[in-house]
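Observations on the model geometry
Listed here are the chains, written in short residue letters.
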Amino acid sequence: LVALIGGPDQVLARGRDALAAREFKWAAELADYVLATDSANAGAKRIKAQALIELGERQINAIARNYYLSSAMYLLRDLPTQ
């Protein structure tokens, strides 16, 4: 699927576009496609983490909020700060 879209860079570009359009679930899904083929891809981790943070901040359910935010922090834990 990543190759069909045009490679990881193209998928991540579309993921950034989805974040800008506030389509957070789609951004996370696109990042997941890249992470499925390259689990160490820092760009994909950042996009997915940002999408999860945005989703978590909009949750009223405490368990869902914790899941989103904890998952985002897990993705960002080993990445250098930008």
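Residues numbered from 1 in each chain as written. Predicted model: local features only at pLDDT ≥ 70, side-chain atom pairs only at ≥ 80, totals over all residues. Heavy atoms only, no water.

1. Concerning helix α3 (residues 24-37)
- Counted at 1.5 Å a residue, the expected span for α3 with its 14 residues is 20 Å, and the 21 Å between its end C-alpha atoms agrees.
- All of the buried residues along α3 are Phe24, Ala27, Ala28, Leu30, Ala31, Val34 and Leu35. Buried residues in α3, looked at end-on, bunch into an arc of 160°, giving them a common side. The exposed set on the far side of α3, more than 90 degrees from its buried face, consists of Lys25, Ala36 and Thr37.
- Buried residues belonging to α3 abut α1 (2-5), α2 (8-20) and α4 (42-57). (Helix = DSSP H or I, 4+ residues; strand = E, 2+ residues; numbered from the N terminus. Expected span 1.5 Å × (residues − 1). Buried < 20%, exposed > 50% of the residue type's maximum accessible area, 1.4 Å probe, protein only. Arc of directions from axis to C-beta. Contact = heavy atoms within 4.5 Å.)

2. Details of α4
- Taking 1.5 Å per residue, 16 residues should reach 22 Å; α4 reaches 22 Å between its end C-alpha atoms and fits that length.
- In this fold, the buried residues of α4 make contact with α2, α3 and α5 (62-76).
- For α4, the N-terminal capping position is held by Asn41, with its side-chain oxygen 3.0 Å away from the main-chain nitrogen of Gly43. (Polar contact = N/O pair within 3.5 Å; in protein donor to acceptor, adjacent residues only side chain to side chain.)

Scope: geometric values only; no functional claims are made or implied.
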